[in-house]
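For reference, the chains in residue letters:
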Number of protein chains: 2
Amino acid sequence: MCQLLGMNGNTPTDIVFSFTGFATRADEHQDGFGIAFFEGAGLRLFVDAQSARQSPVADMVRRYPIRSKHVIAHIRKATQGRIALENTHPFVRELWGRYWAFAHNGNLVDYAPRLHASFHPVGDTDSERAFCWLMQELSKAHARMPSVDELTATLRELVPQIAAHGNFNFLLSQGEALWAHCSTELHWLERSHPFGTARLADEDLSVDFGALTSRDDRVALVATQPLTTDEHWQAFGAGELRVFVEGRSR
Amino acid sequence: MCQLLGMNGNTPTDIVFSFTGFATRADEHQDGFGIAFFEGAGLRLFVDAQSARQSPVADMVRRYPIRSKHVIAHIRKATQGRIALENTHPFVRELWGRYWAFAHNGNLVDYAPRLHASFHPVGDTDSERAFCWLMQELSKAHARMPSVDELTATLRELVPQIAAHGNFNFLLSQGEALWAHCSTELHWLERSHPFGTARLADEDLSVDFGALTSRDDRVALVATQPLTTDEHWQAFGAGELRVFVEGRSR
């Protein structure tokens, strides 16, 4: 199964710590990885069709502290679509003058939505088809960028139509909010003052967040499985859609 | 002034050699850089709002031999738009299920095209506005991906309408062909068998292409200024649009 990792903060935060633990899981997920960082309206997308264990791109991401308020990362275990760069998540499109990034974990069966507008898949995954359909339907529902609450309301109508086709755990962001939907497995966590020490579940490494953060910093993390052993990760319910803004779940 | 570098080959070629010479020019161009590599239909885009001299991303690109048939690179000297990630070229959009990458060198004065369809700028540069307008007009001119020759014919109608507003040197690719347009300064070169030794104009470094290539390899390079001192670079004429396919100028 693929692995998802999302971060939403109220201040630009580097994700090196979390990505180190996340990339460790790539042993079983050899079919590519990708990570999207929003910096204001701008977006950096690093993708590689090789495993995050071996990729020089993943190595750079682990060592280069890119500070971002919204991050979406994905490690791929191919279910549909060849192992190829165009099938590597996150996928990105522009809508209403903002970039949107999307990553999916799961498998949609017989999912062939009617794509009659301006969003078409480049690769051949169920995931990119679902993303293009979401973008198409959002663009039809709103003439310009609506508020986060309005977007959430529209997504609550759209997402179940896709989720009916199979497992649809996903992360979505346009650089202002992070939406996370769970079909089968997804966990989330809020970190805020006072920050404690967090120990990675997969590696013998811990970081004292108290020393790295200020009183007002808040960050929310979303991951397929809890990344740390000594923090209070909460499981999403099946069919639950959450939106994170400024490091908080709404 | 910004610097453009494009490559179009008939076989996936690594661009480490050319990018080393190109990045050297970044001393005067401190406002960001970007490079887009097509791998099949997939695209890798590396952008950084710091100079290519200092960026860890540029450092990785110089050391990681990514093999690609179509590459577009850009070093930015800001004329319009702040120094920010969202204003860093190349820009990317999806049209007809393919990614399109675009980089511009020049300055368009009072250029505010009507963008009434599905392509809107995220940043605030004249360049991204021009790219969005090109995508919009291409999408109106053709219902699906036409042939390279048809696209070239359409671009010959569209490009002069933008170029009337100022300097419009650009590179454009959808992973099948590389289009290059010159308003003021652009050079091109074809390399094919027998490959000689090329010496970079900016660094004391040379590479014997004969040892690295096979008989059938062909590659075309387009750059603002010639990158090497001992090869036959040809200057574009003002208003000239060229298309490169499989390493050859058509």
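Keep in mind the model is a prediction, meaning the values are calculated, not measured.

Even after reading the chapter, I still don't get the overall build of chain A, so can you show me in this structure?
Scanning chain A for helices and strands turns up four helices and 15 strands. Every one of the 250 residues in chain A was classed for burial, and the buried ones make up 48%.

Which parts of the structure should I look at to understand the interface of chain A and chain B?
Interface size is commonly expressed as the accessible surface area that is lost when the partners come together. Contacts between chain A and chain B engage 24 residues on the former and 24 residues on the latter. Looking at the side of chain A that touches chain B, the elements with two or more residues in it are β3 (42-48), α2 (56-63), β5 (91-95) and β6 (98-105) of chain A. Looking at the side of chain A that touches chain B, the element that brings in the most residues is β3(A), giving four residues. Residue composition of the side of chain A that touches chain B, grouped by class: twelve nonpolar, six polar and six charged.

Quick question: what am I supposed to make of helix α4 (residues 148-163) of chain A here?
Since the α-helix turns once every 3.6 residues, residues separated by three or four places project in the same direction. All names here are of chain A. Taking 1.5 Å of rise per residue, 16 residues should cover 22 Å, and α4 covers 21 Å from first to last C-alpha, within 8% of that figure. Of all the bends in α4, the greatest, near 30 degrees, is centred on Arg 156, and the proline Pro 160 appears no more than four residues after it. Elements in contact with the buried residues of α4: α3 (126-141), β8 (178-182) and β14 (240-245).

When you look at the relation of the copies chain A and chain B in this model, what are you seeing that I'm missing?
Mapping one chain copy onto the other needs a rotation about an axis and a shift along that axis. In the superposition of chain A on chain B (RMSD 0.0 Å, axial shift 0.0 Å), the rotation amounts to 180 degrees. Here the transformation between the copies is reduced to the relation of a two-fold axis. Looking at chain A, 100% of its interface residues are interface residues in chain B too, so the copies touch through the same face.

What exactly am I supposed to notice about the sheet that holds strand β5 (residues 91-95) of chain B here?
Strand pairing within a sheet occurs via backbone hydrogen bonds; the two strands may be parallel or antiparallel. All names here are of chain B. Sheet architecture is open: six strands sit in the order β5-β6-β7-β8-β14-β15, paired in antiparallel fashion. What marks the edges here is a single partner per strand, and that holds for β5 and β15 (248-249). Where strand β7 (residues 169-173) meets strand β8 (residues 178-182), four bridges bridge the pair, whose relative direction is antiparallel. Counterpart to Phe 170 in the pairing with β8 is His 181. Of the strands in this sheet, β5 and β6 (98-105) touch helix α3 (residues 126-141), which is tilted by about 15 degrees from β5. Running at roughly 160 degrees to strand β14 (residues 240-245), helix α4 (residues 148-163) makes contact with β8 and β14 of the sheet.

Where do I start with the packing of α3(A) against α4(A) in this structure?
Any two packed helices are characterised by the angle at which their axes cross and by the distance between the axes. All names here are of chain A. Put simply, α3 and α4 touch, their axes get as near as 11 Å, and they point 145 degrees apart. In terms of crossing hand, the pair formed by α3 and α4 is right-handed. Of α4, the residues touching α3 (which contributes Ala 130, Trp 133, Leu 134, Glu 137, Leu 138 and Ala 141) are Thr 154, Leu 158 and Ile 162. Split into classes, the residues belonging to the contact of α3 with α4 amount to seven nonpolar, one polar and one charged.

Whenever I open this one, the sheet that holds β6(A) confuses me. Can you help?
Residues and elements named next belong to chain A. The strand order across the open sheet built from six strands is β5-β6-β7-β8-β14-β15, with neighbouring strands paired in antiparallel fashion. Of all strands in the sheet, those bounded by a partner on one side alone are β5 and β15 (248-249). Pairing analysis gives two bridges linking β14 to β15, with the strands arranged antiparallel. In the strand pairing of β15, Phe 244 is matched with Ser 249. Packing against the sheet, α3 makes contact with β5 and β6, and its axis sits at approximately 15 degrees to β5. In the packing of α4 onto the sheet, contacts are made with β8 and β14, and the angle to β14 comes to roughly 160 degrees.

It is not clear to me how the confidence of the model for chain A should be interpreted in this structure. Could you clarify?
Atom-level detail of predicted coordinates should not be read off regions where pLDDT is low. Per-chain confidence: chain A averages 87 in pLDDT, with 86% of residues scoring 70 or above. The complex model carries a pTM of 0.92, and its ipTM stands at 0.90.

Sorry, what's going on with the pairing of strand β3 (residues 42-48) of chain B here?
Here is the key point about a regular strand: its side chains alternate between the two faces of the sheet. All names here are of chain B. Counting buried positions along β3 yields seven of seven residues, so the element is predominantly enclosed. Because side chains alternate across β3, one face comprises the buried residues Gly 42, Arg 44, Phe 46 and Asp 48, and the other comprises Leu 43, Leu 45 and Val 47, equally buried. In this structure, strand β2 (residues 33-39) lies alongside β3, joined through seven bridges in antiparallel fashion. The residue of β3 that forms the bridge with Phe 37 is Arg 44. Linking β2 to β3, which pair antiparallel, is a turn of two residues; within it Gly 40 sits at a positive phi near 65 degrees.

Help me out: how do you make sense of α4(B) in this one?
By the burial criterion, the buried members of α4(B) are B:Leu151, B:Val159, B:Ile162 and B:Ala163. Close packing links the buried residues of α4(B) with α3, β8 and β14 of chain B.

I keep staring at unusual backbone geometry and nothing clicks. Help me out?
Excluding glycine, most residues fall at negative phi; most peptide bonds, likewise, are trans. Residues and elements named next belong to chain A. With an omega of -10 degrees, the peptide bond between His 89 and Pro 90 qualifies as cis. By secondary structure assignment, the location of Pro 90 is in the loop between β4 (67-75) and β5. One non-glycine residue, Glu 246, lies in positive phi territory at about 55 degrees. Relative to the helices and strands, Glu 246 resides in the loop between β14 and β15.

Help me understand the pairing of strand β12 (residues 218-223) of chain A, please; the structure alone is not making it clear to me.
All names here are of chain A. The buried fraction of β12 amounts to five of the six residues, a majority that puts the element mostly inside the structure. By the bridge criterion, five bridges tie strand β1 (residues 3-14) to β12 in an arrangement that is antiparallel. Among the inter-strand pairings, Gly 9 is bridged to a residue of β12, identified as Val 219. Direction of pairing for strand β9 (residues 187-192) relative to β12: antiparallel, over a ladder of six bridges. Each bridged residue has a counterpart across the sheet, and for Ser 192 the counterpart in β12 is Arg 218.

Is there a simple way to explain the nonpolar core in this structure?
In summary, soluble globular proteins display a tendency toward joint burial of nonpolar side chains. Judged by nonpolar contacts, the single largest core of 128 residues is most densely connected at A:Ala36, A:Leu171, B:Ala36 and B:Leu171. In this structure A:Leu171 touches A:Leu4, A:Gly6, A:Ile72, A:Ala103, A:Leu178, A:Ala180 and A:Val222, once residues within four positions along its chain are discounted.

So, how was this worked out
Residues numbered from 1 in each chain as written. Chains lettered and ligands numbered in written order. Predicted model: local features only at pLDDT ≥ 70, side-chain atom pairs only at ≥ 80, totals over all residues. Helix = DSSP H or I, 4+ residues; strand = E, 2+ residues; numbered from the N terminus. Buried ≥ 20, exposed ≤ 12 C-beta atoms within 10 Å, placed from the backbone. Contact = placed C-beta atoms within 7 Å. Nonpolar A, V, L, I, M, F, W, Y, C, P; charged D, E, K, R; others polar. Expected span 1.5 Å × (residues − 1). Bend = angle between axes of the 7 residues up to and from the residue. Least-squares fit on C-alpha atoms with pLDDT ≥ 70 in both. Pairing = 2+ DSSP bridges. Axes fitted to C-alpha atoms, helices over the stretch in contact; angles between N-to-C directions. Left-handed = near helix turned anticlockwise from the far one by under 90°. pLDDT = per-residue confidence, 0-100. Core = buried A, V, L, I, M, F, W, Y, C linked by C-beta atoms within 7 Å.

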